[in-house]
Amino acid sequence: DGGITQSPKYLFRKEGQNVTLSCEQNLNHDAMYWYRQDPGQGLRLIYYSQIVNDFQKGDIAEGYSVSREKKESFPLTVTSAQKNPTAFYLCASSNTGNSIVRNTEAFFGQGTRLTVV
Amino acid sequence: AQSVTQLGSHVSVSEGALVLLRCNYSSSVPPYLFWYVQYPNQGLQLLLKYTTGATLVKGINGFEAEFKKSETSFHLTKPSAHMSDAAEYFCAFSGNTPLVFGKGTRLSVIA
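Note that the coordinates shown come from a computational prediction; the quantities given were computed from them, not determined experimentally.

## Description of the pattern of salt bridges
Next, step 1: For the structure shown, the criterion picks out six salt bridges over all chains.
Next, step 2: Of the charged contacts, one joins Asp38(A) and Arg44(A) as a salt bridge, the two residues approaching to 2.8 Å between their closest N and O atoms.
Next, step 3: A relative accessible area of 10% places Asp38(A) in the buried class.
Next, step 4: Notably, a salt bridge pairs Lys78(B) with Asp85(B), separated by 2.9 Å at the nearest N-O pair.
Next, step 5: Salt bridges here are not isolated pairs; linked through shared partners, they connect Arg36(A), Asp38(A) and Arg44(A).

## Re the state of the cysteines
Next, step 1: Scanning the model with the defined rule gives two disulfides over all chains in all.
Next, step 2: Paired through a disulfide, Cys23(A) and Cys91(A) show a sulfur-sulfur distance of 1.9 Å. As the torsion about the S-S bond is roughly -75 degrees, the Cys23(A)-Cys91(A) disulfide counts as left-handed. Highlighted residues: Cys23(A) in strand E3 (residues 19-25) and Cys91(A) in strand E9 (residues 87-94), separated in sequence by 68 residues. Both residues of the pair, Cys23(A) and Cys91(A), belong to the buried class.
Next, step 3: With its sulfur 2.0 Å from that of its partner, Cys23(B) forms a disulfide with Cys91(B). Between Cys23(B) and Cys91(B), the S-S dihedral sits near -65 degrees, and the bridge is therefore left-handed. In this pair, Cys23(B) is assigned in strand E3 (residues 19-26) and Cys91(B) in strand E9 (residues 87-94), connecting sequence segments 68 residues apart.

## Digging into the nonpolar core
Residues and elements named next belong to chain B.
Next, step 1: Judged by nonpolar contacts, the single largest core of 26 residues is most densely connected at Trp35, Leu48, Leu76 and Tyr89.
Next, step 2: Among the secondary structure elements, those contributing two or more residues to this core are strand E2 (10-14), E3, strand E4 (32-38), strand E5 (44-50), strand E7 (64-68), strand E8 (73-78), E9 and strand E11 (105-110).
Next, step 3: Among residues more than four places away in sequence, those in contact with Tyr89 are Gln6, Leu21, Trp35, Tyr36, Val37, Leu47, Phe63, Leu76, Gly104, Thr105 and Leu107.

## Things to note about the pairing of strand E6 (residues 54-57) of chain A
Residue and element names in this part refer to chain A.
Next, step 1: The pairing of strand E5 (residues 43-51) with E6 spans three bridges and is antiparallel. By the bridge assignment, Tyr47 is partnered in E6 with Lys57.
Next, step 2: From the end of E5 to the start of E6, which pair antiparallel, there are two residues, and Asn53 there has a positive phi angle of about 65 degrees.

## Remarks on unusual backbone geometry
Negative phi values dominate among residues other than glycine, just as trans dominates among peptide bonds.
Next, step 1: A cis amide bond, omega -10 degrees, links Ser7(A) with the succeeding residue Pro8(A).
Next, step 2: Within the secondary structure layout, Pro8(A) lies in the loop between strand E1 (4-7) and strand E2 (10-13).
Next, step 3: In this structure, Asn61(B) is a non-glycine residue whose phi angle is positive, near 60 degrees.
Next, step 4: Looking at the secondary structure, you find Asn61(B) in the loop between strand E6 (56-58) and E7.
Next, step 5: When its relative accessible area of 43% is taken as the criterion, Asn61(B) is described as partly exposed.
Next, step 6: Positioned with a positive phi, Thr72(B) is a non-glycine residue whose angle comes to about 45 degrees.
Next, step 7: Counting through the fold element by element, Thr72(B) comes out in the loop between E7 and E8.

So, how was this worked out
- Residues numbered from 1 in each chain as written.
- Chains lettered and ligands numbered in written order.
- Predicted model: local features only at pLDDT ≥ 70, side-chain atom pairs only at ≥ 80, totals over all residues.
- Heavy atoms only, no water.
- Salt bridge = Lys/Arg side-chain N within 4 Å of Asp/Glu carboxyl O.
- Buried < 20%, exposed > 50% of the residue type's maximum accessible area, 1.4 Å probe, protein only.
- Disulfide = S-S within 2.5 Å.
- Helix = DSSP H or I, 4+ residues; strand = E, 2+ residues; numbered from the N terminus.
- Core = buried A, V, L, I, M, F, W, Y, C linked by side-chain atoms within 4.5 Å.
- Contact = heavy atoms within 4.5 Å.
- Pairing = 2+ DSSP bridges.

What follows is the structure in structure tokens.
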């Protein structure tokens, strides 16, 4: 079945440690996105990528980094510079070609819950 | 600036009662609008979307929404609530950027 796979489902990070969240899709979608979800704040965009080897910062990119070496994969690294990383992270993809087609919905993975210990 | 506002962070209804979740948007371009549902510790699932054409949009699980340009609204309704409808609902807007989400409305259904 086609879909988006995020791993791990739960992740624990020590203070000062970098961690990488995995996102893989087999929907053949060009665009991929990372959102952060906090209670009562909805979803906020961290980074997005419309094509391989290209990505743009979203609203809350500070303390995060991404790469897009393959169409299917868009990993997110939460660096030690992110002071409050505890949150639920959602990866999404959409079939937008080389531009963001506005009528195309995004498909979401099941999320990764990151906790700082 | 483009934005989405969901009125009410928590809505509670009795089983069998009407569900009404409110969403207003602000945009300088014609909007494309979406409603998503999220169950605990899961990703988001698309309920319905408005792009162009008919302003009354029907979605999955008996939900529908009406786009009203004059009111800049896209409220979600369901005639009769079911216990399985308890979840968090997000309105989203697509302008010339990736999806922008409202803060969500948590729906509780009382037996």
